[in-house]
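In case you want the letters, here they are:
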Number of protein chains: 2
Amino acid sequence: MNNFEFKNPTKILFGKGQIENIKNEIPKGAHILMLYGGGSIKQNGIYDNVKIALADFKVEEFGGIPANPEYDVLMNALKIIKEKKITFLLAVGGGSVIDGTKFLSSAALYKGEDPWEILSKPIRTEVGMPFGTVLTLPATGSEMNSGAVITRASLKQKLGMGGPGLFPQFSILDPTVVQSIPKRQLANGITDAFTHVLEQYLTYPIDAALQDRFSESIMQTLIEVAPKVIANPSDYKAASNFMWCCTMALNGLIQKGVPTDWAIHAIGHELTALYGIDHARTLAIIAPSHYMKNFEDKKEKLAQLGQRVFGIHSETTDEIAKKTIVALEGFFHSLDIKTKLSEYTEDYKGTAEIIEKLL
Amino acid sequence: MNNFEFKNPTKILFGKGQIENIKNEIPKGAHILMLYGGGSIKQNGIYDNVKIALADFKVEEFGGIPANPEYDVLMNALKIIKEKKITFLLAVGGGSVIDGTKFLSSAALYKGEDPWEILSKPIRTEVGMPFGTVLTLPATGSEMNSGAVITRASLKQKLGMGGPGLFPQFSILDPTVVQSIPKRQLANGITDAFTHVLEQYLTYPIDAALQDRFSESIMQTLIEVAPKVIANPSDYKAASNFMWCCTMALNGLIQKGVPTDWAIHAIGHELTALYGIDHARTLAIIAPSHYMKNFEDKKEKLAQLGQRVFGIHSETTDEIAKKTIVALEGFFHSLDIKTKLSEYTEDYKGTAEIIEKLL
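Residues numbered from 1 in each chain as written. Chains lettered and ligands numbered in written order. Predicted model: local features only at pLDDT ≥ 70, side-chain atom pairs only at ≥ 80, totals over all residues.

(A) The domain arrangement of chain A, seen in detail. Residues and elements named next belong to chain A. Annotation of chain A at the domain level lists domain 1 (11-176) and domain 2 (182-358). With centres defined by C-alpha atoms, the gap from domain 1 to domain 2 works out at 27 Å. Partitioned by chemical class, the residues of the side of domain 1 that touches domain 2 number 7 nonpolar, 4 polar and 3 charged. (Domains from an automatic or database assignment. Nonpolar A, V, L, I, M, F, W, Y, C, P; charged D, E, K, R; others polar.)

What follows is the structure, encoded as structure tokens:
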């Protein structure tokens with residue numbers, strides 16, 4: 001096991017009805033900017049519940065943060081933060097809204113001239129403006145980690161940022177939000193979380209027995225609940241396990257003491273940039289080929305995954321490992337996620353060469 | 001899954017050579033009281049390493065904190081804290097030293113007349129004097145939680161305390177400390193951590209699939225590394241997995257959203273009080289009988305444990321569950337831990353009746 005440091009101070013409030021407890025987690029007298037996305041929270045009741053919980057606070061709003069949170073949009077929110085002297089940010093949304101809020105948390109206190117430097121240099125955020133989150137879409141794990149990815153379309157750039165100042169003060173995880181998420185996004189969320197685990201697990205053995213088993217636990221649970229969540233998003237038991245799996249998949253715990261990969265995400269980001277394919281779907285396109293291409297380096301962990309999670313038994317490590325890649329692709333297909341680039345675009349030839357130059 | 005709140009802000013520094021990093025974790029100018037137990041740290045080199053790491057600080061010392069940390073001893077340490085105007089506590093030891101330090105963290109800032117009230121009322125500690133730990137004996141998990149158990153021999157009492165102010169600021173987990181721990185204490189540590197998981201897992205099914213699997217992951221890993229750790233405590237791979245399992249067994253994570261038991265600990269504490277049997281050994285005495293006595297309530301989780309962790313397969317849930325209790329007792333025996341009270345004392349008759357009156 002490698003040496004590691006681990007600290008995650010985010011407070012999780014998990015379960016039905018937790019939104020009303022926001023009021024106990026925000027400092028009295030705070031001037032809040034509530035941030036959200038395309039407005040689905042106004043249809044599903046979450047917006048109203050949050051507003052009720054914030055009745056005793058002064059609240060401004062900023063909606064319209066898009067998927068792949070856009071720098072230029074966020075700069076408009078930053079103006080409001082400065083003009084209105086906001087002291088607390090509340091993200092109500094999925095990974096994009098939360099990531100956008102993390103950028104604002106950092107930019108609001110940034111002393112430099114141009115907040116873009118936080119991403120371009122990048123600058124580690126030691127202290128940010130305090131913020132909380134109300135998670136509406138389990139997937140990215142951003143609700144319990146200190147990282148964010150921000151897009152700036154005009155520069156064709158998608159850059160990461162992070163630092164100990166970017167952990168949410170609290171995150172509300174109410175699994176009843178799952179019931180109003182479209183099937184396509186549920187499938188994306190499951191795929192995203194599953195691939196987060198793969199990127200931290202599917203490397204080479206390093207005698208981190210507990211981290212391996214924790215990773216396998218998350219993947220096994222996702223496989224178990226995925227068909228239930230897709231068939232009936234109102235199934236609270238399935239939704240709650242799905243939600244907790246997504247958070248645990250990327251809150252730092254399973255990556256401690258082990259090597260990680262993240263090549264699938266790096267390549268996937270470029271596919272999103274080139275073709276506008278949903279982030280999670282790019283991961284499902286890349287993962288099987290990535291594991292086949294790097295088979296010799298990864299076959300031991302592939303075989304362990306196959307045996308422990310997919311229940312594959314065969315004669316040799318190589319055979320089990322190969323069958324594991326097939327099972328993995330089968331899992332994505334079971335979610336109605338296509339795994340070939342040619343199924344998303346006709347214009348796929350030469351993509352590998354283009355991305356190779358970019359990375 | 002039940003609703004839950006989870007927050008654990010302790011920073012873990014895990015691995016070889018981490019002791020030297022203490023200096024970066026303690027506020028500059030702190031006046032430190034270093035607390036330890038019977039002095040074994042002076043033989044195994046940990047004392048020297050800590051003193052080197054603290055070279056730039058003003059440090060006082062307080063040794064001699066006994067197993068089952070004794071209130072009257074700790075009150076002497078409290079005097080030093082007040083007289084010397086200590087600002088930071090550093091526990092160097094196992095669960096007893098760390099628990100004792102937690103009491104002092106609370107008592108140092110207590111505004112009431114008599115610090116005993118913290119235990120007797122009990123009073124929840126919202127803010128304590130900041131403290132860190134250097135763990136020398138993996139077992140109790142106290143290095144990453146906010147609870148403590150303190151003994152006051154003169155009143156024949158062993159009482160718990162806790163609160164969000166009692167999380168260590170940091171804990172150093174260097175698995176090389178395992179090499180100097182006597183076999184008896186290693187067996188106790190494994191048994192203690194394993195039983196911590198049992199108390200949070202072996203209740204009834206509540207559809208907390210991930211928490212169940214995390215618990216099973218810890219137990220399976222402890223079973224796997226136990227013979228290696230006992231045979232060769234210098235086996236770093238085994239020692240590091242053992243150490244991380246003990247911490248994860250009681251840092252709050254696996255108990256979130258699930259019912260817990262803790263009857264084995266409650267009864268075990270009384271056996272320690274009556275006969276002076278090591279804490280961990282009392283748990284091994286009680287656990288099998290407790291599960292047999294409460295078989296109907298617990299058989300489903302017993303069977304799940306048997307199938308997933310001990311690899312037991314049989315016709316019926318009842319059969320698997322019964323074999324699981326036998327396997328559990330077998331695991332304790334494999335550590336050379338006896339599981340009958342009569343093997344510890346000749347004077348065991350009527351014990352159940354005595355304890356029944358006490359609880």
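(B) Representation of the environment of Leu119(A) in the model. For Leu119(A), the location among the structural elements is in helix 6 (residues 116-120). Once residues within four sequence positions are removed from consideration, Leu119(A) is found in contact with Ile150(A), Leu159(A) and Met161(A). (Helix = DSSP H or I, 4+ residues; strand = E, 2+ residues; numbered from the N terminus. Contact = placed C-beta atoms within 7 Å.)

(C) View of the nonpolar core. Core analysis: the biggest nonpolar cluster contains 220 residues, and Leu35(A), Val92(A), Leu35(B) and Val92(B) have the highest contact counts within it. Among residues more than four places away in sequence, those in contact with Leu35(B) are Phe62(B), Ile65(B), Ala77(B), Leu89(B), Leu90(B), Ala91(B), Val92(B), Val97(B), Gly100(B) and Thr101(B). (Core = buried A, V, L, I, M, F, W, Y, C linked by C-beta atoms within 7 Å. Buried ≥ 20, exposed ≤ 12 C-beta atoms within 10 Å, placed from the backbone.)

(D) Spotlight on the relation of the copies chain A and chain B. Once chain A is rotated about the relating axis by 180° and shifted along it by 0.0 Å, it coincides with chain B to within an RMSD of 0.0 Å. Given the turn and translation reported, the copies of this chain are related as if by a two-fold rotation axis. Taking C-alpha positions as reference, the residue of chain A nearest the rotation axis is Pro9(A), located at 2.1 Å. Of the residues that chain A buries at the interface, 100% are likewise interface residues in chain B, meaning the two copies contact each other through the same surface. (Least-squares fit on C-alpha atoms with pLDDT ≥ 70 in both.)

(E) Expanded view of the interface of chain A and chain B. Chain A puts 32 residues into the contact, and the matching count from chain B is 32 residues. For the side of chain A that touches chain B, the elements supplying multiple residues, two or more each, are strand 1 (4-14), helix 8 (209-231) and helix 9 (236-249) of chain A. Considering every element that reaches the side of chain A that touches chain B, the biggest residue donor is helix 8 of chain A, with 10 residues. Taken together, the residues of the side of chain A that touches chain B break down into 15 nonpolar, 9 polar and 8 charged.

(F) Here's a closer look at the sheet that holds strand 3 (residues 58-62) of chain A. As summarised here, the arrangement of the 12 strands in space is 3(A)-2(A)-4(A)-5(A)-8(A)-1(A)-1(B)-8(B)-5(B)-4(B)-2(B)-3(B), forming an open sheet in which the pairing is mixed. On the outer flanks of this sheet lie strand 3 of chain A together with strand 3 (58-62) of chain B, each paired with one strand and no other. Averaged over all pairs of adjacent strands, the angle between strand axes in this sheet comes to 25°, irrespective of strand direction. Sheet topology note: the strand 2 (residues 31-35) of chain A/strand 4 (residues 88-93) of chain A ladder contains 4 bridges and is parallel. Bridging from a neighbouring strand, Leu33(A) pairs with Leu89(A) of strand 4 of chain A. (Pairing = 2+ DSSP bridges. Axes fitted to C-alpha atoms, helices over the stretch in contact; angles between N-to-C directions.)

(G) Spotlight on the environment of Val178(B). All names here are of chain B. Here Val 178 lies in the loop between strand 8 (170-173) and helix 7 (183-201). Val 178 gets classed as buried once you count the C-beta atoms within 10 Å, which come to 24. Each C-alpha atom of the pair Val 178 and Glu 113 lies 41 Å from the other, and the pair is 65 residues apart in sequence. Once residues lying within four places of it in the same chain are set aside, the contact partners of Val 178 are Pro 138, Val 229, Pro 233, Ala 239, Phe 242 and Met 243.

(H) Up close: the packing of helix 10 (residues 263-275) of chain A against helix 11 (residues 279-293) of chain A. All names here are of chain A. The contact between helix 10 and helix 11 brings their axes to 8 Å, and the two run at 130°. When the axis of helix 10 is compared with that of helix 11, the two are oblique. In this structure, the crossing between helix 10 and helix 11 has a hand that is right-handed. For the pair formed by helix 10 and helix 11, the contact residues are Ala 263, Ile 264, His 265, Ile 267, Gly 268, Leu 271 and Thr 272 on the first element and His 279, Thr 282, Leu 283, Ile 285, Ile 286, Ala 287 and His 290 on the second. (Parallel < 35°, antiparallel > 145°, perpendicular 65-115°, else oblique. Left-handed = near helix turned anticlockwise from the far one by under 90°.)

(I) Highlighting the environment of Gln157(B). Residue and element names in this part refer to chain B. Of note, Gln 157 is situated in strand 7 (residues 157-162). A tally of 14 C-beta atoms within 10 Å means that Gln 157 is categorised as partly exposed. Gln 157 sits 106 residues away from Lys 51 along the chain, and the two C-alpha atoms are 34 Å apart.

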